[in-house]
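# Structural overview
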Amino acid sequence: MHDPNLIVRASGFHPWDAMAPAALSGILKRGPYQTSAETGCGGSTIVLSHASHRHTAFAIEGNDRTLTELRKQTDLRSENVIFVEGETKDTVPAYQFEGEMDLVLLDGPHAYPLPQIEFAYLFPRIRLGGWLVVDDIQIPSVYELFHFLERESSVVLEEVAVRTAFFRRVSAAEHGPDGWPLQGMNRHTILRYSWRDRLRRLLGKS
């Protein structure tokens, strides 16, 4: 049985940068998980240390000494968490994952294209029926990824909790080495740049 006050306490860790309680509750209620991962760390790590048997957090110490302070939290079940320190653009591609994951939370660096890089490496690790959680969709670089996912047939948007989106993976189909025409966002080319190509096709010209 989960501690009913866990969400309140987890939300109090670095409250100026914490996920909304509704989002933390969304993570907790979808568990328990066998395996999970997140980019970044904070109150979500505390919650996932309770909800997941094996959780991996890709994070840096930062100016706020986040990792040091997080490890001091009595609510953190450290035996369930592996911290991988370093910038995610380096650590995530190099990490040796074991099997599929039930949930992945993207809440690391937000500068473009870092959320997209994290997605490219972590999304294929999510099992069919598992969850991709994208935090801070109010930031344009993250919203671009959210908008891309809204159009993808491989996921379904289940919920937006304040500024955190919960997608469920419903398809294991891959698009091959490129496959851009099969992606929802690429169903139509940009007319202002492609109208000449369309006109040539209509006129039967090469």
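Residues numbered from 1 in each chain as written. Predicted model: local features only at pLDDT ≥ 70, side-chain atom pairs only at ≥ 80, totals over all residues. Heavy atoms only, no water.

## Observations regarding the sheet that holds strand 2 (residues 52-59)
Spatially, 7 strands are ordered 3-2-1-4-5-7-6 in an open sheet, and the strand pairing comes out mixed. Each of the sheet's edge strands pairs with one partner strand only, and the pair in question is strand 3 (81-85) and strand 6 (155-161). Strand-to-strand twist across the sheet, computed as the mean angle between neighbouring axes with direction ignored, equals 15 degrees. Pairing geometry for strand 6 and strand 7 (residues 164-169), over 6 bridges, is antiparallel. From the neighbouring strand, glutamate 159 faces strand 7, where its bridge partner is phenylalanine 166. Running at roughly 175 degrees to strand 4 (residues 101-106), helix 6 (residues 114-122) makes contact with strand 1 (33-39), strand 4 and strand 5 (126-135) of the sheet. (Pairing = 2+ DSSP bridges. Helix = DSSP H or I, 4+ residues; strand = E, 2+ residues; numbered from the N terminus. Axes fitted to C-alpha atoms, helices over the stretch in contact; angles between N-to-C directions. Contact = heavy atoms within 4.5 Å.)

## Overview of the nonpolar core
Counting residues in each nonpolar core, the largest one holds 28 residues, and the members touching the most others are Ile27, Tyr33, Ile46, Val47, Leu70, Phe83 and Leu103. Ranked by size, the runner-up nonpolar core spans 23 residues in total, among them Met101, Phe119, Val134 and Leu145. (Core = buried A, V, L, I, M, F, W, Y, C linked by side-chain atoms within 4.5 Å. Buried < 20%, exposed > 50% of the residue type's maximum accessible area, 1.4 Å probe, protein only.)

## Some words on empty space enclosed by the protein
Per the stated rule, a full pass over the model turns up 1 cavity of 30 Å³ or more. Within this model, the largest cavity holds a volume of roughly 40 Å³. As for the largest cavity, its lining consists of Leu106, Asp107, Gly108, Pro109, His110, Pro115, Glu118, Val134, Asp135 and Val142. At the level of elements, helix 6 and strand 5 are the ones that each hand at least two residues to the lining of the largest cavity. For the lining of the largest cavity, the per-class residue count stands at 5 nonpolar, 2 polar and 3 charged. (1 Å grid on protein atoms, 1.4 Å probe; cavity = no way out; pocket = protein on both sides within 12 Å on 5 of 7 lines; lining within 4 Å. Points joined across faces, edges and corners; volume = space filled by probe spheres on them. Nonpolar A, V, L, I, M, F, W, Y, C, P; charged D, E, K, R; others polar.)

## A few points about helix 6
Every α-helix carries 3.6 residues per turn, so stepping three or four residues along brings you back to the same face. Of the residues making up helix 6, those classed as buried are Leu114, Pro115, Gln116, Glu118, Phe119 and Leu122. Those residues of helix 6 hidden inside the fold are in contact with strand 1, helix 5 (88-94), strand 4, strand 5 and helix 7 (140-150).

## Looking at a nonpolar patch on the surface
Taken together, the side chains of Leu191, Trp195, Leu199, Leu202 and Leu203 make up a nonpolar region of the molecular surface, amounting to roughly 540 Å² of accessible area. Along the chain, tryptophan 195 falls in helix 8 (residues 191-202). For tryptophan 195, a relative accessible area of 39% translates into the label partly exposed. (Patch = residues over 30% accessible without salt bridge, like charges linked within 9 Å, V, L, I, M, F, W, Y side chains within 5 Å. Areas by Shrake-Rupley, 256 points an atom, 1.4 Å probe, with all protein chains shown as cover. Salt bridge = Lys/Arg side-chain N within 4 Å of Asp/Glu carboxyl O.)

## Some points on the pattern of salt bridges
What the rule picks out here adds up to 13 salt bridges. Measuring nitrogen to oxygen at the nearest pair gives 3.1 Å for the salt bridge that ties glutamate 158 to arginine 30. Remark: arginine 30 occurs in helix 2 (residues 21-30) and glutamate 158 occurs in strand 6; sequence separation between them is 128 residues. Across the pair aspartate 90 and lysine 89 runs a salt bridge, and its minimum N-O distance is 3.4 Å. Judged by its relative accessible area of 46%, aspartate 90 falls in the partly exposed class. Judged by relative accessible area, lysine 89 falls into the partly exposed class, the value being 41%. Connected through salt bridges with shared partners, the residues Lys29, Arg30, Glu158, Glu159 and Arg168 form a single ionic network.

## Description of the packing of helix 6 against helix 7
When two helices pack together, you describe them by how their axes are tilted relative to each other and by the distance separating the axes. It is at 8 Å that the axes of helix 6 and helix 7 come closest, and there the two elements cross at 40 degrees. Between helix 6 and helix 7, the angle is such that the two are oblique. Contacts between helix 6 and helix 7 pair Pro115, Gln116 and Phe119 from the former with Ser141, Val142, Glu144, Leu145, Phe148 and Leu149 from the latter. (Parallel < 35°, antiparallel > 145°, perpendicular 65-115°, else oblique.)

## A word on the side chain of aspartate 102
As for its position among the elements, aspartate 102 is in strand 4. Those residues within four positions of aspartate 102 in sequence are excluded, and the remaining contacts are Tyr33, Gln34, Thr35, Arg127, Gly130 and Trp131.

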